[in-house]
Amino acid sequence: MNADLFAETSPAERLGPGTMLLHRFAESKAAALLNAIDQITAQAPFRHLVTPGGQRMSVAMSNCGALGWVSDRAGYRYQAIDPQSGLPWPPMPACFALLAHSAAEQAGFAGFAPDACLINRYTPGTRLSLHQDRDEHDYSAPIVSVSLGLPAVFLFGGLVRSDPVKHLTLQHGDVLVWGGPDRLRFHGVKPIGEGLHSLLGMQRINLTFRRAA
Ligand code: MD6
Ligand code: FE
């Protein structure tokens, strides 16, 4: 049977009690998402943040929505103002909020209303070291993560840094939803491999939607 017959469906893979990988869930929306990302990053350009320890992050970041995630020598936090422009972050486009809400619902988290969307841009060789997402106000809301462009090997650990780590491939259009008992699992991204994606060229873009306030 022709595999293309299944291209519109979104097989869901359960990876933990609160984690679902929705394969290709965002694929048909990719062009609209990329168009919105171009508009957002015209106002709030991608930049390399500095960690509290003083290291420049290899991943370039921007944000949209009421709150944006930032890092500098003072620490990690969410704030309403882009420190680079002094202006509020660009608003979250309706197509972003709808996608995040419907993916969360599909994964069993009804009523997800994100107030923050972090936009990460990777090029070959860039990586994100193992971390927990713990800068949000409460952990009851899930996180919805959308992958676009070049594939990534996602490291999916446990609740303790030293727990064993699973390697998952995240492809263009894949949406990872995690919350509940998995909300504080350690995770990261291995260095992105060389490649050329038809829409994004030598880049991977990840959107992470959160309820931060
Ligand atoms: C990324 N994502 O995939 C980085 N965090 O580029 C994350 O750090 C992340 O994908 C929490 C939940 C899902 C994620
Ligand atoms: Fe994270």
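Residues numbered from 1 in each chain as written. Chains lettered and ligands numbered in written order. Predicted model: local features only at pLDDT ≥ 70, side-chain atom pairs only at ≥ 80, totals over all residues. Heavy atoms only, no water.

1. As for the overall build of the protein chain
Within the protein chain, the secondary structure is distributed over two helices and 13 strands. Relative to the globule expectation of 17 Å for 213 residues, the C-alpha radius of gyration of the protein chain, 16 Å, shows essentially globular dimensions. Dimensions of the protein chain along its principal axes, counting C-alpha atoms only, are 55 × 35 × 35 Å. Across the 213 residues that make up the protein chain, the buried fraction comes to 51%. Accessible area of the protein chain: about 10,000 Å², with a carbon and sulfur share of 56%. Each charge sign in the protein chain was given a centre, from 18 positive and 17 negative side chains, and these centres are 7 Å apart. (Helix = DSSP H or I, 4+ residues; strand = E, 2+ residues; numbered from the N terminus. Rg over C-alpha atoms; globule rule 2.2 N^0.38 Å. Buried < 20%, exposed > 50% of the residue type's maximum accessible area, 1.4 Å probe, protein only. Areas by Shrake-Rupley, 256 points an atom, 1.4 Å probe, with all protein chains shown as cover. Lys, Arg positive; Asp, Glu negative; His and termini not counted. Charge placed at Lys NZ, Arg CZ, Asp CG, Glu CD.)

2. Quick notes on the coordination of the iron ion (ligand 2)
Within the protein, H131 (NE2), D133 (OD) and H187 (NE2) serve as the donor atoms for the iron ion (ligand 2), at 2.1 to 2.2 Å. Positions of the donor residues of the iron ion (ligand 2) along the chain correspond to the pattern H-x1-D-x53-H. (Donors = N, O, S within 2.8 Å, 3.2 Å for Na, K, Ca; no water.)

3. Regarding the packing of helix α1 (residues 30–43) against helix α2 (residues 94–106)
Running from N to C, α1 and α2 point in directions that differ by 130 degrees, and their axes come no closer than 9 Å. On the basis of the axis angle, α1 is oblique to α2. Of the two elements, α1 crosses α2, and the hand of that crossing is left-handed. Of the residues in α2, those touching α1 at A32, L33, A36, I37 and I40 are C95, F96 and L99. Looking at the contact of α1 with α2, its residues break down into eight nonpolar, no polar and no charged. (Axes fitted to C-alpha atoms, helices over the stretch in contact; angles between N-to-C directions. Parallel < 35°, antiparallel > 145°, perpendicular 65-115°, else oblique. Left-handed = near helix turned anticlockwise from the far one by under 90°. Contact = heavy atoms within 4.5 Å. Nonpolar A, V, L, I, M, F, W, Y, C, P; charged D, E, K, R; others polar.)

4. Let's talk about the nonpolar core
Among the nonpolar cores identified, the biggest contains 34 residues, and F96, V144, V146 and F209 are the most heavily contacted of them. Where this core is concerned, the elements lending two or more residues are β2 (19–22), α1, β3 (60–64), α2, β6 (116–122), β8 (143–149), β11 (175–178) and β13 (204–210). Considering every element that reaches this core, the biggest residue donor is α1, with six residues. If we ignore the near neighbours within four places in the chain, the residues touching V146 are A26, L33, L99, D174, V175, I205, N206, L207 and F209. Judged by nonpolar contacts, the second largest core, of 25 residues, contains L21, L49, A116 and L118. (Core = buried A, V, L, I, M, F, W, Y, C linked by side-chain atoms within 4.5 Å.)

5. Details of the site of ligand 1
Close to ligand 1 lie 14 residues; Y122, D133, W178, H187 and R204 are nearest. Measuring from an oxygen atom of ligand 1, one finds a side-chain N or O atom of H131 at 3.1 Å. Side-chain polar atom of D133 to a nitrogen atom of ligand 1: 2.9 Å apart, as the coordinates give it. Of all the secondary structure elements, the ones that give two or more residues to the shell around ligand 1 are β6, β7 (128–131), β8, β12 (187–189) and β13. Looking at which element gives the most residues to the shell around ligand 1, the answer is β13, with three residues. Split into classes, the residues belonging to the shell around ligand 1 amount to six nonpolar, six polar and two charged. (Near = heavy atom within 4 Å. Polar contact = N/O pair within 3.5 Å; in protein donor to acceptor, adjacent residues only side chain to side chain.)

6. Quick look at the environment of T169
Of note, T169 is situated in strand β10 (residues 166–170). On a C-alpha basis, the gap between T169 and I119 in space is 19 Å, while along the polypeptide they are 50 residues apart. Dropping the residues within four chain positions of it, T169 is found in contact with L21, P151, A152 and D174.

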